[in-house]
Amino acid sequence: ACTFHHYSVAMHWDKEVDWLVAGSGAAGMTGAVVAHQLGGDVLLVEKEPMYGGTTCKSGGVAWIPGNHHQSAHGVVDSREEGYAYLKGMIGDSVADTRIRAYADRAAEMLAFMEQHSHVTYTPLPGYMDYYEHVPGYKPGGRSMDPGVIHLRRLGEEGAHMRDDHTGVLPFNVTVPEGRRLGAMDAGAYLLGARLALQYLLDVPARLRKKPDRRLTLGPALVAKLRLSLMERNIPLWLNAPVSKLLTSNGRVVGAEISREGETVRVSARRGVLLATGGFSQNAQLRQRYQQAPTGSDWTASAPGATGDGILLGQQLGAAVDFMGSAWWSPTVALPEGPRLALIAGKAYPCSIMVNRAGRRFTNEAAPYEDVVKDQYASEARGEQAIPAYLLFDATYRRKYPAGHIKPGKLESDARLPESYFESGLLTRADSITELAAKTGIDGEQLTATLARFNDHARRGEDPDFGRGATEHDRYYADQKVQPNPCLAPVETAPFYALRVEAGDLDTKGGLLCDEHGQVVDEQGNGIAGLYAAGNTSAAAMGDTYPGAGATIGSAMTCAYIAAQHAFGAELEDAQ
């Protein structure tokens, strides 16, 4: 059904394909599967020695409005409602055609991938959109969990997948399992025991001290996509960065790939898809485009997110947008190196977040993007909010996880790495005054802040920031605490302070694309043969974050749309 066009160029090609994809995260691998299903000869290249990119470090959740699974879970939704919600948030900052393309085709992408790959997604009926005041909001069902796959299904290829996803527990859990375990009741302990037993019974992996091979979240999505590539015999070259895009008569016709010490010239008859991630790991680009203080020290992205695809596009005159934006999330920087997003933990009772002026500056339970935006605003007011501190007391420490730190009843202070305390990541003190002195927080102001907070928390109220007023706020809280599961006083010694950086999951600024995923130049004209998806492209969400999985949902959808456009094929041609 697809007709291929061959371009006459005065070049020697070492390899010829129809579709060249750079980057092996959710966007790149989705774009590869779609192009192959449309009849294309596909090559996927990855500059890192391991595949999966930032997707492997993520929750793997995808935000898909109007998806075909919702009705089975009692969710009533439509693409038009999804568009209304996105438009209400994004406004005119993104072309309306792009917003509509995502809202209209995300569900189509999901149905395609579930039919033609190992990708599977299940709606999370209780995982709400982030902003319930926006028309088109849904209390659940758009954010979707990627399920489970065992690493052994990849055979030897499993050893080449990124393995730096870090969780609170030694075994991996899905989003619903994590939610269930968080209830910490009899059912939760039973589930935990079953998962722990399953983990321990994988004797070969335990003897080799390997991580849990029952994959969930981002690693599960990556493994399912990789298995799909393997079954289609789509080659994946590792340690193979794109060094240059090649053009003829204004069209991108291929690229130079650095591989095993040689330059390989690859022809791409249908086009090149850049899906190499954002530029969160590139300190120079961050300092050029983003507000201070910034750098590559606080991001939770993969090491390969250095802006390669963005720079390649700019060399051809591509326009960029939202370069000052990121998928913001508070992060904690472990002494041994990795930076981890603080998604859960900041909404539990018996805690507050303060700047070094000793003041609260945000609704701690708000969407993680908003917390960091408030952190920057506080810093700009001269309140020394970068870093800030999540303060909690002995009750919190015993009952709840603080990011990656297990509850005290599972891991006592004595069992925590000494480096946590020595580095200042975690500070412990017998009094608030002592805690303030150790962390450099204004002690007098902190005492006043806590007195006010505790007084209101005892009544379940937060007149200053409205913590616990929305369904989102209460999602990660302790439902057994009433009347407000997010609020209880910080009053039981000893007290703790967790250092919190103004981090991100990756940047969201990049190459500006049209509604077809085609990169455009600074005059708004499409660059023929060049496409971008994921964090290499300027986010279809603009400077917003509509719900959990907006990153991966948009990455996969934009890659799907790009491949469809490049091959001039409608969905029917593939079926």
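Residues numbered from 1 in each chain as written. Predicted model: local features only at pLDDT ≥ 70, side-chain atom pairs only at ≥ 80, totals over all residues. Heavy atoms only, no water.

## Quick notes on the pattern of salt bridges
- Applying the stated criterion across every chain, the model contains 37 salt bridges.
- The salt bridge involving glutamate 108 is made with arginine 105; its shortest N-O contact spans 2.8 Å. With glutamate 108 and arginine 105 both in helix α3 (residues 96-116) and three residues apart, the pair spans about one turn of that helix. (Salt bridge = Lys/Arg side-chain N within 4 Å of Asp/Glu carboxyl O. Helix = DSSP H or I, 4+ residues; strand = E, 2+ residues; numbered from the N terminus.)

## A few points about unusual backbone geometry
- Omega for the bond connecting alanine 292 with proline 293 falls within 30 degrees of zero, at -5°, which places this linkage in the cis form.
- The topology assignment puts proline 293 in the loop between α8 (283-289) and α9 (308-314).
- Cis geometry marks the peptide bond from alanine 493 to proline 494, where omega comes out at 0°.
- Residues other than glycine seldom take positive phi values, yet lysine 209 does so here, at roughly 55°.

## Considering helix α1 (residues 26-37)
- With twelve residues, α1 extends 17 Å from end C-alpha to end C-alpha; this agrees with the ideal 16 Å at 1.5 Å per step.
- Most of α1 sits inside the fold, with ten of its twelve residues counted as buried.
- Of the surrounding secondary structure, the elements contacted by the buried residues of α1 are β1 (15-22), β2 (42-45), α3, α7 (217-231), β11 (262-274) and α16 (550-566).
- The first or second residue beyond α1 is glycine 39, which carries a positive phi of 100°. (Expected span 1.5 Å × (residues − 1). Buried < 20%, exposed > 50% of the residue type's maximum accessible area, 1.4 Å probe, protein only. Contact = heavy atoms within 4.5 Å.)

## A look at the nonpolar core
- Core analysis: the largest hydrophobic core is formed by 87 residues, its most contacted members being Trp19 and Tyr121.
- Considering each element in turn, this core owes the most residues, eleven residues, to α16.
- Membership of the second largest hydrophobic core comes to 29 residues, among which are Val17, Ile257, Phe279 and Met323. (Core = buried A, V, L, I, M, F, W, Y, C linked by side-chain atoms within 4.5 Å.)

## Some words on the sheet that holds strand β16 (residues 351-354)
- The four strands lie next to each other as β16-β17-β19-β18, forming an open sheet whose pairing is antiparallel. Either end of the sheet is taken by a strand with one partner, and the two such strands are β16 and β18 (426-429). Pairwise comparison of adjacent strand axes, ignoring direction, gives a mean angle of 20° for this sheet.
- As judged from the five bridges shared by strand β17 (residues 388-392) and strand β19 (residues 495-500), these two strands associate in the antiparallel manner. If you follow leucine 391 over to β19, its bridge partner there is alanine 497. (Pairing = 2+ DSSP bridges. Axes fitted to C-alpha atoms, helices over the stretch in contact; angles between N-to-C directions.)

## Topic: the packing of helix α4 (residues 175-182) against helix α5 (residues 186-200)
- Remark: α4 packs on α5, axes separated minimally by 7 Å, with the N-to-C direction vectors making an angle of 130°. Judged on the interaxial angle alone, α5 and α4 are oblique. For the pair α4 and α5, the contacting residues are Glu177, Arg180 and Leu181 in the first and Gly187, Ala188, Leu191, Gly192 and Leu195 in the second.
- Residue composition of the contact of α4 with α5, grouped by class: four nonpolar, two polar and two charged. (Parallel < 35°, antiparallel > 145°, perpendicular 65-115°, else oblique. Nonpolar A, V, L, I, M, F, W, Y, C, P; charged D, E, K, R; others polar.)

## Observations concerning the packing of aromatic side chains
- Throughout the structure, instances matching the rule amount to 20 aromatic pairs.
- When the centroid spacing of 4.4 Å and the interplanar angle of 5° are considered together, the rings of tyrosine 348 and tyrosine 400 count as stacked. In this pair, tyrosine 348 sits in the loop between β15 (339-341) and β16 while tyrosine 400 sits in the loop between α11 (394-399) and α12 (418-422), placing the two residues 52 residues apart along the sequence.
- On the basis of relative accessible area, tyrosine 348 is assigned to the buried category, the value being 9%. (Phe/Tyr/Trp six-rings, centres within 6.5 Å; stacked < 30°, edge-to-face > 60°.)

## Overview of the environment of glycine 250
- On the secondary structure map, glycine 250 appears in the loop between β9 (242-248) and β10 (251-259).
- What makes glycine 250 exposed here is its relative accessible area of 60%.
- Taking the C-alpha atoms as reference, glycine 250 lies 14 Å from valine 272; in sequence the two are 22 residues apart.

## Let's talk about the sheet that holds strand β5 (residues 143-145)
- Spatially, the three strands line up as an open sheet ordered β3-β5-β4, and their pairing is antiparallel. Edge positions in the sheet fall to β3 (62-63) and β4 (122-123), since each has one partner strand and no second.
- Bridge count between β3 and β5: two bridges; the pairing is antiparallel. Across the sheet, alanine 62 pairs through a bridge with methionine 144, a residue of β5.

## A closer look at helix α13 (residues 432-439)
- All of the buried residues along α13 are Ile432, Leu435, Ala436 and Thr439. In a view along the axis of α13, the buried residues occupy a sector of 100°, so they form one face of it. Set apart from the buried face of α13 by more than 90 degrees, the exposed residues are Thr433 and Ala437.
- Buried residues belonging to α13 abut β17, β18, α14 (443-457) and β19.
- A positive backbone phi angle near 80° is found at glycine 440, which sits one or two residues after α13. (Arc of directions from axis to C-beta.)

## Observations concerning the pairing of β16
- With burial as the criterion, each face of β16 is covered, one bearing Ser351 and Met353 and the other bearing Ile352 and Val354.
- The pairing of β16 with β17 spans four bridges and is classified as antiparallel. Of the residues in β17, the one forming a bridge with methionine 353 is leucine 390.

## Regarding the confidence of the model for the chain
- A residue-level look at the chain finds 97% of positions with pLDDT of 70 or above and a mean pLDDT of 94.
- Per-residue pLDDT stays below 50 along residues 1-9; that stretch engages in 20 contacts with residues further than four places along the chain or on separate chains.
- The low-confidence segment residues 571-575, where pLDDT is below 50, has eleven contacts with residues more than four positions distant or belonging to other chains. (pLDDT = per-residue confidence, 0-100.)

## Quick notes on the packing of α1 against α16
- The contact between α1 and α16 brings their axes to 8 Å, and the two run at 30°. With respect to their mutual orientation, α1 and α16 come out roughly parallel. Crossing hand, α1 versus α16: right-handed. Across from Ala26, Ala27, Thr30, Gly31, Val34 and Ala35 in α1, the residues of α16 making contact are Ile552, Ala555, Met556, Ala559, Tyr560, Ala563 and Gln564. (Left-handed = near helix turned anticlockwise from the far one by under 90°.)

## A few points about the environment of proline 494
- Position of proline 494 relative to the elements: it lies in the loop between α15 (471-475) and β19.
- Note: C-alpha distance between proline 494 and isoleucine 90 (404 residues apart in sequence) is 44 Å.
- For proline 494, the contacting residues outside a window of four places in its chain are Asp393, Ala394, Arg428, Ala429 and Asp430.

## Thoughts on the side chain of serine 280
- Inspection of the secondary structure puts serine 280 in the loop between β11 and α8.
- Taking relative accessible area as the criterion, serine 280 reaches 0% and is therefore assigned buried.
- At a separation of 2.6 Å, a polar atom in the side chain of serine 280 contacts the side chain of serine 301.
- Ignoring sequence-local partners within four residues, the contact set of serine 280 consists of Arg286, Gly295, Ser296, Thr299, Ser301, Ala305, Asp504, Asp506 and Thr507. (Polar contact = N/O pair within 3.5 Å; in protein donor to acceptor, adjacent residues only side chain to side chain.)

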